[in-house]
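The chain contents come next:
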Amino acid sequence: MPNAKVLSEKQAIVAALTEKIRNSGAGVIVDYKGITVAEDTALRAECRKNDVEYSVIKNTLLRFAFNNCGLNELDEQLNGTTSLAIAADPVAPARVIAEFAKKLNGRFEIKGGFLEGKVVPLETVNALASIPALPILQAQVLGTMLAPISALACVIKQIAEKQGAPAEAAE
């Protein structure tokens, strides 16, 4: 039986971890066995750049935190080496981790994940990973919105040029 000090420290870790999981939009649990220190450092830098919190956590502590959040279905994935990537953005953890897993060809494996407080299958995590980043999505939407206006401006310019007006006057 652990002493009271160690037990209270672990309870504090579980409480903080539970709060982080509840406040996050999504999370991915990963088997990180087989990656080098340099690869782990690169992953952590990429996570920081995308506002994803990535950390290695003991399975027992993570199991208690998941049970506190009602994510009991993830218990079966908590064996071996486990790390957790969470973020407020529901797409960021899946995208960053999946991109990194592709680079390492099987040495870095996604075990499972959760989205908005519910456990999601591995297929959903992979689908989330295929969604582009928010700035790219915003650019695509703006491009779609500007396309008709740009086309109209080109048509008006061509009509003006056809009728003999100089190009500068049409603009």
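Residues numbered from 1 in each chain as written. Predicted model: local features only at pLDDT ≥ 70, side-chain atom pairs only at ≥ 80, totals over all residues. Heavy atoms only, no water.

Visitor: An account of the packing of helix H1 (residues 4-23) against helix H3 (residues 59-69) is needed here, citing residue identities and associated values.
Guide: Where H1 meets H3, the axes come as close as 8 Å, and the angle between the chain directions of the two elements is 50°. The pairing of H1 with H3 is recorded here as oblique in orientation. With respect to the hand of their crossing, H1 and H3 are arranged in right-handed fashion. Residues Lys10, Ile13, Val14, Leu17, Thr18, Ile21 and Arg22 of H1 lie in contact with H3, whose contacting residues are Leu61, Leu62, Phe64, Ala65, Phe66, Asn68 and Cys69. (Axes fitted to C-alpha atoms, helices over the stretch in contact; angles between N-to-C directions. Helix = DSSP H or I, 4+ residues; strand = E, 2+ residues; numbered from the N terminus. Parallel < 35°, antiparallel > 145°, perpendicular 65-115°, else oblique. Left-handed = near helix turned anticlockwise from the far one by under 90°. Contact = heavy atoms within 4.5 Å.)

Visitor: Which residues make up the nonpolar core, and what values go with them?
Guide: Counting residues in hydrophobic clusters, the biggest one holds 24 residues, and the most contacted among them are Val28, Leu43, Val52, Tyr54, Ile97 and Phe108. At eight residues, helix H4 (residues 92-104) tops the list of elements feeding residues into this core. In contact with Ile97, not counting residues within four places along its chain, are Val28, Val30, Leu43, Tyr54, Ala85, Phe108 and Ile110. Of all hydrophobic cores here, the second largest spans 16 residues; its members include Ile57, Leu61, Ala65 and Leu78. (Core = buried A, V, L, I, M, F, W, Y, C linked by side-chain atoms within 4.5 Å. Buried < 20%, exposed > 50% of the residue type's maximum accessible area, 1.4 Å probe, protein only.)

Visitor: Provide a residue-level description of the sheet that holds strand S5 (residues 118-120), including the pertinent values.
Guide: Strand order in the open sheet made by the five strands is S2-S3-S1-S4-S5, with antiparallel pairing throughout. At either end of the open sheet lies a strand with only one pairing partner, and these are strand S2 (53-56) and S5. Shown here is a sheet whose adjacent strand axes are inclined to one another by a mean of 25°, direction ignored. Both strand S4 (residues 109-115) and S5 contribute to a ladder of three bridges, which runs antiparallel. Looking at the pairing, Phe114 lines up with Val119 of S5. (Pairing = 2+ DSSP bridges.)

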